[in-house]
Amino acid sequence: MKCTGPPESQKLALAMEHALARETETWKVPVFHGFTLKGTDISPFYYEKAVLWIRESNSLFQFCSETFALAVSFFNRLLASVKAQLKYLQCIATACLVLAAKINEEDEIIPSVKKLAVQSGCKCSPAEIVRMERIILNKLHWDLYTATSIDFLNIFHAMVMSKWPHLLNGLPQRNPSRHAAFLTKQLQHCMACHQVLQFKGSTLALVIITLELERLTPDWFPVITDLLKKAQIDSTQFIHCKELVDQHLLGFQPSNTVYIFNPANQNIQTHLDKRLPCCYSTVKQTTQINSGARGSWPNSSAFILLRAKTHEDDMQPDEFYDGFKYLYSEDEIPEAGQTSSMGGSDDQRQEESNSTCPPLQPVPQID
């Protein structure tokens, strides 16, 4: 007789219960009074800059998203425990990332402290980073295990997908792991915002899930109500956090990309003049005016193309997807006829390489 473990829903419920217990024990964040952290000279600008630096360094060394979240947790807990000075902020951020990497990452991919300091652009010496590590360990009483917002996002997302798997059915080329990767990017974007610092990781993670479900389905309310009840999250805090995050994510989507199309020969330009006499002449006239006024456009015969950056573009595989696809046991081999993860099938790429059209060039920067 084959022995089976508890059902998936029960495993997720136990994981959430354990994570909530650890969050209650260890959650601690600094408080801003006026324009600085209480008792320090650290402004919101420099706090956010430090968190963004942790995120960039985390990506530079190809650490996982959990490492970034854990480093930010250490960073917040330390700033809430001591009155740190601004001149030590980067050293603190570096030491927090090193400690988080030692916990979450394989030894083979963790660089030496000296290499990390050099490649990340940190202005601290290796000795200063090691000394700061010891200070952080002492101030946190060596209690380094905690539940982060990334942990809660993974748990909540898995609970939603296991109970309501149909939510992604209407979205082409969207699977649970790609969806989780996209939500992780949104969450990391919000973690650098000092205004949402006051909310627990469980609240922030559920807000990210809620905003996405509102966009995906009109039946989102029962789903979120169920999660709110299970996670025992205060509704007032949840609503306040949701309003702030909704505003913060308005600038998350990248802006539309603008390309300049330069005809390779006179025949293409003449063809455009004949086929699009009104549109092309207007664009050319506008470009000539801008070129004369600013002197920064490379060619007067330019045809401006706008490529809308859709939500689906953001779902392309990124540094998070490889980890999440194993979580959901997804096969990475594309089916026949599907575009590859790099943006097209082999036939499509061959057709593009044989095209007589000149390549699209990015718009030059205008001073």
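Residues numbered from 1 in each chain as written. Predicted model: local features only at pLDDT ≥ 70, side-chain atom pairs only at ≥ 80, totals over all residues. Heavy atoms only, no water.

- An unreviewed UniProt entry annotates the chain as Cyclin-I originating from Podarcis muralis.
- Checking UniProt for the chain, the heading Sequence similarities (unreviewed entry) contains the comment "Belongs to the cyclin family." (UniProt positions renumbered as here; feature names shortened; annotations may be inferred.)

**Side note on the nonpolar core**
Okay, so step 1: One finds Phe75, Phe156, Val160 and Val245 to be the most contacted residues of the largest nonpolar core, which totals 88 residues.
Okay, so step 2: The element that contributes the greatest number of residues to this core is helix H4 (residues 89-104), accounting for 11 residues.
Okay, so step 3: Domain assignment of the residues forming this core places at least three in each of domain 1 (28-140) and domain 2 (149-167 + 175-252). (Core = buried A, V, L, I, M, F, W, Y, C linked by side-chain atoms within 4.5 Å. Buried < 20%, exposed > 50% of the residue type's maximum accessible area, 1.4 Å probe, protein only. Helix = DSSP H or I, 4+ residues; strand = E, 2+ residues; numbered from the N terminus. Domains from an automatic or database assignment.)

**Looking at helix H9 (residues 201-216)**
Okay, so step 1: In a regular helix each residue adds 1.5 Å, so 16 residues correspond to 22 Å; H9 covers 23 Å between its end C-alpha atoms and thus fits that length.
Okay, so step 2: Buried residues dominate H9, accounting for 14 of its 16 residues. (Expected span 1.5 Å × (residues − 1).)

**Some details on the packing of aromatic side chains**
Okay, so step 1: A full pass over the atoms with the stated rule returns six aromatic pairs.
Okay, so step 2: Here Tyr47 and Phe75 contribute two aromatic rings whose centre-to-centre distance is 5.8 Å and whose plane-to-plane angle is 25 degrees, an arrangement assigned as stacked. With Tyr47 in helix H2 (residues 44-60) and Phe75 in helix H3 (residues 65-81), the pair connects residues that are 28 residues apart, well separated along the chain. This pair shows no difference in class: Tyr47 is buried, exactly as Phe75 is.
Okay, so step 3: Judged by centre distance (5.8 Å) and plane angle (25 degrees), the ring pair of Phe61 and Phe63 falls under stacked.
Okay, so step 4: Classification of Phe61 by relative accessible area gives buried; the value is 10%.
Okay, so step 5: On the basis of relative accessible area, Phe63 is assigned to the buried category, the value being 8%. (Phe/Tyr/Trp six-rings, centres within 6.5 Å; stacked < 30°, edge-to-face > 60°.)

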